[in-house]
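# Summary of the model geometry
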Amino acid sequence: MSTALAQPGDTSSLEARAARLKEIAADIRVSIVNTIAGPRMGHIGGDFSVTDILVTLFFDIMRTRPADPEWAERDRFILSKGHCSAALYSVLATAGYFSPDLLSTFMAPLSVLNGHPNRRKVKGVEANTGPLGHGLPIGVGAAIAATISKSDYRTFVVLGDGELQEGSNWEAAMFAGHRKLSNLTAIVDRNRLQQGARTEDTNSLEPLGDKWRAFGWEVHEVDGHDHAALLAAFEAPRIDKPRFLIANTRKGKGVSFIEDRVEWHHKVPSPEQVLQAIEELRAQ
Ligand SMILES: Cc1ncc(C[n+]2csc(CCOP(=O)(O)OP(=O)(O)O)c2C)c(N)n1
C-alpha cells in the first residue's frame, strides 16, 4: 500500500483516488485500534466515524508539507472534537509528520501524544482542542488571517454533532457567514451519537442544513464514508460563502460490535476484541 500524499496536479480519476483513500483508511483504523489498545484509553467510536474524513483531507485534498509543518502556505486543519486524537495521530504519523513508533506512547506519562492534541508538542497539530466548541472560532480566525495576509490557504475544521450544542459554534458560524469566508470549510461528523446518548434525544439538531444556510453558509450533505463523495464536496467550485459539510457517518464504522453503539464512546476493546476488530478491518 502506498501512503504517499497526493501530488498537486494529480490527474487520477475520482474512482482511483477514492480507492487509494479507502485502502489508507483501513490501515488507519487498524493503527487506531493498536494505539488505544496499549493504554486502554481513547475514543474508538468517534475515531472510526471521523477516519474517512481525515484521510480524504490529509491524503488528497489539503496542501501540506509534513517535513515542514509550519510552512506558511499550508492548509490549516483543526480537529475540534479533540477527544478523537488517536485518529488524528494515526493520520499524522502515516502522512509522515512523525514516526509511527511514537504511537505506542499514546497517553503514557510524559508522552507528547496526550489524550487531546497539543500544537506545541505534536507536529501537524494546528490548535489545542479537547474542550468542545473552540475549534470553529479558531478556524474562523485562521481564515480571516489568510484574507489579511492575502494568502490562499484553506482552513478545515472538523466538528462533532454533539459538539454543536456548544454555543460558541453558533457565534463563529454567524461571523464566518457575515465575513463570507469562502476559504473556510467546516465538516460535521454526523454520527448522531454523543457521549452517552443520541444527539436527537439530547438536544436535536435538525433541520441542520437549514440552520447553517440561515447563517450564510453553503451546505453540502454527503455519506461521510464515501471518499469519492467527500472529494467531490471538498472540490466543488467555491462561491463567496463559507462551506458546511454534513458528513453522515456511523460511530465505530468498520467494526460490527462497535458500530452505532452508544457505549463505545470511550469504551476500549478487550485483547480478544482487538483481534476481532483487526480481523474485520482486514477483511474489508
Ligand atoms: C466543553 C466540553 N464539555 C464536555 C466535554 C466532554 N465530552 C467529550 S466528548 C463528548 C461528546 C461529544 O460528542 P460528539 O461531538 O458528537 O463527538 P463524537 O460522538 O463524534 O465522538 C463530551 C460531552 C468536553 N470535552 N468539552
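The numbering scheme is per chain: residues are counted from 1 as the chain's sequence reads. Where totals are concerned, whole chains, interfaces and linings use all residues; where local detail is concerned, this predicted model gives features only for residues with pLDDT of at least 70, and gives and counts side-chain atom pairs only at 80 or more. Based on all heavy atoms of the structure, the side-chain values leave hydrogens and waters out of the count.

### Some details on the overall build of the chain
Each helix and strand counted, the chain has 9 helices and 7 strands in total. Based on the C-alpha atoms only, the size of the chain along its principal axes is roughly 50 × 45 × 40 Å. Exposed residues in this analysis have more than 50% of their type's maximum accessible area, buried residues have under 20%, and partly exposed residues fall in between, with area computed by a 1.4 Å probe over protein chains only. For the chain, the proportion of its 284 residues judged to be buried stands at 55%. Between two residues, a contact is recorded if the distance between any of their heavy atoms is within 4.5 Å. A separation of at least 24 residues holds for 73% of the contacts in the chain among residues at least 6 apart in sequence. Per-residue and other accessible areas follow the Shrake-Rupley method at a 1.4 Å probe size, with only the shown protein chains counted as cover for residues. In the form shown here, the chain has an accessible surface area of approximately 12,000 Å², with 52% of it arising from carbon and sulfur atoms. Note on conventions: DSSP H or I runs of at least 4 residues are helices, E runs of at least 2 residues are strands, and numbering of each starts at the N terminus.

### Description of the site of the ligand
Near the ligand there are 18 residues, and of these K81, H83, G162, L193 and K251 occur at the shortest range. Counting of polar contacts relies on pairs of N or O atoms within 3.5 Å, with two restrictions inside protein: one atom must be capable of donating a hydrogen and the other of accepting it, and residues adjacent in sequence are counted only when both atoms are side-chain atoms. Here an oxygen atom of the ligand sits 2.9 Å away from a polar atom, N or O, in the main chain of E163. In this structure, Q195 approaches the ligand through a side-chain N or O atom, which is 3.3 Å from a nitrogen atom. Protein contact buries 76% of the 590 Å² of open area that the ligand shows by itself. Under the scheme applied, nonpolar residues are Ala, Val, Leu, Ile, Met, Phe, Trp, Tyr, Cys and Pro; charged residues are Asp, Glu, Lys and Arg; polar residues are all the others, including Gly. Here the shell around the ligand is built from residues that sort into 3 nonpolar, 9 polar and 6 charged. Nearness of a residue to a molecule or strand requires only that one of the residue's heavy atoms be within 4 Å of it.

### Description of the packing of helix α1 (residues 14-37) against helix α2 (residues 44-61)
Under this scheme, a helix contributes an axis fitted over its contacting stretch, all axes are lines through C-alpha atoms, and angles between N-to-C directions fall in the 0 to 180 degree range. Between α1 and α2, the least distance of the axes is 9 Å, while the angle of their chain directions is 135 degrees. Between α1 and α2, the interaxial angle falls into the category oblique. Once α1 is placed against α2, the crossing between them reads as right-handed. Contact residues: α1 offers R17, R20, L21, I24, A25, I28, R29, I32, V33 and I36, while α2 offers I44, D47, F48, T51, D52, V55, T56, F59, D60 and I61. Class assignment for the residues of the contact of α1 with α2 results in 12 nonpolar, 2 polar and 6 charged. Oblique is the label for every angle not falling under 35 degrees (roughly parallel), over 145 degrees (roughly antiparallel), or within 65 to 115 degrees (roughly perpendicular). Handedness of a helix crossing follows the sense of rotation of the near helix relative to the far helix, less than a right angle counterclockwise being left-handed and clockwise being right-handed.

### Here we look at the side chain of T249
Among the structural elements, T249 can be located in the loop between β7 (243-248) and α9 (271-282). When near neighbours in sequence (up to four residues on either side) are disregarded, T249 contacts S49, I53, D189, R190, N191, G224 and H225.

### Describing the nonpolar core
Core analysis: the largest hydrophobic core is formed by 55 residues, its most contacted members being L57, F58, F59, F77, F98 and I187. Counting only elements with at least two residues in this core, the list comes to α1, α2, β1 (76-79), α3 (85-95), β2 (155-160), α8 (227-235), β7 and α9. Here the element with the most residues in this core is α2; it accounts for 10 residues. Aside from chain neighbours lying at most four places away, what touches L57 is M62, F77, F156, I187 and F234. Core analysis: the second largest hydrophobic core is formed by 24 residues, L164, L181, L184 and L205 among them. Think of a nonpolar core as a cluster: buried Ala, Val, Leu, Ile, Met, Phe, Trp, Tyr and Cys residues, connected wherever their side-chain atoms sit within 4.5 Å.

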